[in-house]
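Examining the three-dimensional arrangement
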2 protein chains.
Amino acid sequence: MTSATLAAPVTLDAAGVPFTLRRSRHHDLPDLIGLLAADALRANDDSTSPERRGAYEAAFQAIDGDPAQTLVTVEDAAGDVVGTMQLTLIPGLARGGATRMQVEAVRVAESARGCGLGTAMLRWAIEEARSRGAALVQLTSDARREDAHRFYDRLGFTPSHVGFKLFL
Amino acid sequence: MTSATLAAPVTLDAAGVPFTLRRSRHHDLPDLIGLLAADALRANDDSTSPERRGAYEAAFQAIDGDPAQTLVTVEDAAGDVVGTMQLTLIPGLARGGATRMQVEAVRVAESARGCGLGTAMLRWAIEEARSRGAALVQLTSDARREDAHRFYDRLGFTPSHVGFKLFL
């Protein structure tokens, strides 16, 4: 594992439209929180209200300081933040000592949907996983997100598992 | 995050039978690989054959050197290794800046099943997640493992997500 991942920005091409994918910086935090808060299924969990800011701040520092984490920001040509996702490299004994790349918190702004940006982001993530020595890429998607399931299926993912959560 | 997690062994009580849960050490590796290889659903992926040993060795070192990882070994009173699981602490922005505790590679030896050892292991993991500041515990289970799904349901987990995997 190295913290040099995504040291330089990458240009993504989504149906001829260029986007910039780069490591998230601290000043992106309000935009990233905005993308999370715009998700209808997480309206109770994510919010741009000032009293929530401390928890996001602490989380950003924890992510940014951990070389196993890559928090991604995607900008359009105007410099507006239109996408995010978090990658986590997890070493493991199972499956022959396989390292996994886990993808969490994938979000694309409403304004940037339908042009293939999500596909370009995930294709980049899959290549990043390969280049960092992962043997598999894994993620879970809320069972209600049927469009997302078709999206991951088209990318070659298999819905082989049930994702369980327990809130503390 | 601290590497001091599970600094001392813990005694688990499974229906009156005591087991010791502790941080995995290098000399446990053959036993842990044996537990993984005994899993019928992973017969093609995990094996005790010597040529696979290097990959497991590298994975053990990567896990052991990462303070976000806790690889657990469970022994019975005779000192035989009868259980394992891996915990990973993942900081994140989503869900209000929630840290997640992910559980992977839960295995209990055939000889130790049916006495509540798995339940005791997972209850310990849930308490460990709480004490390390996690807001949720998450795991995925192969869709074919129906007994495991009932087990996680009884522990309070909700099967709210679909788990997708892509092998590289």
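Coordinates for the structure precede this section.
My aim in this report is to walk through the structure given alongside it, one point at a time.

**Quick notes on the overall build of chain A**
When you go through chain A residue by residue, the secondary structure sums to 5 helices and 7 strands. From first element to last, N terminus to C terminus, chain A shows the α and β order β-β-α-α-β-β-α-β-α-β-α-β. Overall size of chain A, expressed as C-alpha extent along the three principal axes, is 45 × 45 × 35 Å. Relative to its 168 residues, chain A shows a buried fraction of 53%. The contacts in chain A between residues at least 6 apart in sequence include a share of 57% that link residues at least 24 apart. Counting every atom, chain A has about 7300 Å² of accessible surface; 51% of that belongs to carbon and sulfur. A gap of 5 Å separates the mean positions of the 18 positive and 21 negative side-chain charges of chain A.

**Brief notes about the interface of chain B and chain A**
Taken together, the 60 residues of chain B in the interface contact 59 residues of chain A. For the pair chain B and chain A, the two sides together bury roughly 5400 Å², of which 63% comes from carbon and sulfur. Viewed at the interface, chain A and chain B are joined by 4 salt bridges. Between E104(A) and R100(B) there is a salt bridge, with its nearest N and O atoms 3.1 Å apart. Scanning the region where chain B abuts chain A turns up 31 residue pairs in polar contact (both at pLDDT 80 or more). Class assignment for the residues of the side of chain B that touches chain A results in 33 nonpolar, 16 polar and 11 charged. Of the pairings in the sheet, the one linking strand β7 (residues 158–167) of chain A to strand β7 (residues 158–167) of chain B comprises 5 bridges and is antiparallel in character.

**A look at the pattern of salt bridges**
By the definition in use, this model includes 24 salt bridges over all chains. The closest approach of N and O atoms between E110(B) and R113(B), which form a salt bridge, is 3.3 Å. Owing to a relative accessible area of 64%, E110(B) belongs among the exposed residues under this scheme. A network of salt bridges, in which partner residues are shared, links R22(A), D28(A) and E75(A).

**Here we look at the relation of the copies chain B and chain A**
Expressed as a screw operation, the relation of chain B to chain A combines 0.0 Å of axial shift with a rotation of 180°, fitting to an RMSD of 0.0 Å. Both copies are brought into coincidence by an operation consistent with a two-fold rotation axis. Of the residues that chain B buries at the interface, 98% are likewise interface residues in chain A, meaning the two copies contact each other through the same surface.

**Some thoughts on the pairing of strand β5 (residues 100–108) of chain A**
Residues and elements named next belong to chain A. Of all 9 residues in β5, 8 are buried; the element is thus mostly enclosed. When strand β4 (residues 81–90) meets β5, the two strands line up antiparallel, connected through 7 bridges. Within β5, the position partnered with G83 by the bridge is V108. For β5 and strand β6 (residues 136–142), the ladder comprises 3 bridges, and the chain directions are parallel. Within β6, the residue paired with Q102 across the bridge is Q138.

**Side note on the nonpolar core**
With 50 residues, the main nonpolar core has L93(A), M85(B), L117(B), L122(B), W124(B), Y152(B) and F157(B) as its most contacted residues. Here this core gets 8 residues from one element, more than from any other, and that element is helix α4 (residues 117–131) of chain B. Contact partners of W124(B), with chain neighbours within four places excluded, come to L6(B), V10(B), L12(B), L21(B), V72(B), M85(B) and L87(B). Listed in part, the 49 residues of the second largest apolar core include L12(A), L89(A), A120(A) and L93(B).

**Side note on the environment of R145(A)**
Residue and element names in this part refer to chain A. One can find R145 in the loop between β6 and α5 (146–154). With 104 residues separating them in the primary sequence, R145 and L41 have C-alpha atoms 9.0 Å apart. Not counting residues within four places of it along the chain, the set of residues in contact with R145 comprises D39, L41, R42 and R107.

**Let's talk about the side chain of S24(A)**
Residues and elements named next belong to chain A. Within the secondary structure, S24 sits in the loop between β2 (17–23) and α1 (29–37). The exposure class of S24 is buried, given its relative accessible area of 4%. The contact partners of S24, leaving out residues within four places of it in the chain, are L32, F60, D64, L71, V72 and T73.

Rules used in this analysis
- Sequence order as written defines residue numbering, which begins from 1 separately in each chain.
- For this description, chains carry letters from A and ligands carry numbers from 1, given in the order in which they are written.
- In view of the model being predicted, local features appear only for residues whose pLDDT reaches at least 70, and side-chain atom pairs are presented and counted only at 80 or more, with totals across whole chains, interfaces and linings using the full set of residues.
- Derived side-chain values reflect all non-hydrogen atoms in the structure, with water molecules and hydrogen atoms excluded from consideration.
- We count a stretch as a helix when DSSP gives it H or I for four or more residues in a row; a strand needs E for two or more, and each element gets its number in order from the N terminus.
- Exposure categories follow from relative accessible area, calculated using a 1.4 Å probe and restricted to protein chains: below 20% of the type maximum is buried, above 50% is exposed, and the middle band is partly exposed.
- Here, two residues are considered to be in contact whenever any of their heavy atoms come within 4.5 Å of each other.
- The Shrake-Rupley method, run with a 1.4 Å probe sphere, supplies the accessible areas, and residue values consider only the shown protein chains as cover.
- Counting rule for charge: Lys and Arg are taken as positive, Asp and Glu as negative, and neither His nor the chain ends is counted.
- Charged side chains are reduced to one point each, which is NZ for Lys, CZ for Arg, CG for Asp and CD for Glu.
- A quick way to say it: buried area is the sum, across both parts, of accessible area lost when two parts are put together, with a 1.4 Å probe.
- One speaks of a salt bridge when a side-chain nitrogen belonging to Lys or Arg is within 4 Å of a carboxyl oxygen belonging to Asp or Glu.
- A 3.5 Å cut-off defines polar contacts: any pair of N or O atoms within that distance qualifies, except that in protein one atom must be a possible hydrogen donor and the other a possible acceptor, and neighbouring residues in sequence count only when both atoms are side-chain atoms.
- All residues other than Ala, Val, Leu, Ile, Met, Phe, Trp, Tyr, Cys, Pro, Asp, Glu, Lys and Arg, Gly among them, are scored as polar; the first ten of these are nonpolar and the last four charged.
- We treat two strands as partners when DSSP finds at least two bridges between them.
- The copies are overlaid by a least-squares fit using only the C-alpha atoms of residues whose pLDDT is at least 70 in both copies.
- Residues grouped as a nonpolar core are buried Ala, Val, Leu, Ile, Met, Phe, Trp, Tyr and Cys residues, joined through side-chain atoms within 4.5 Å.

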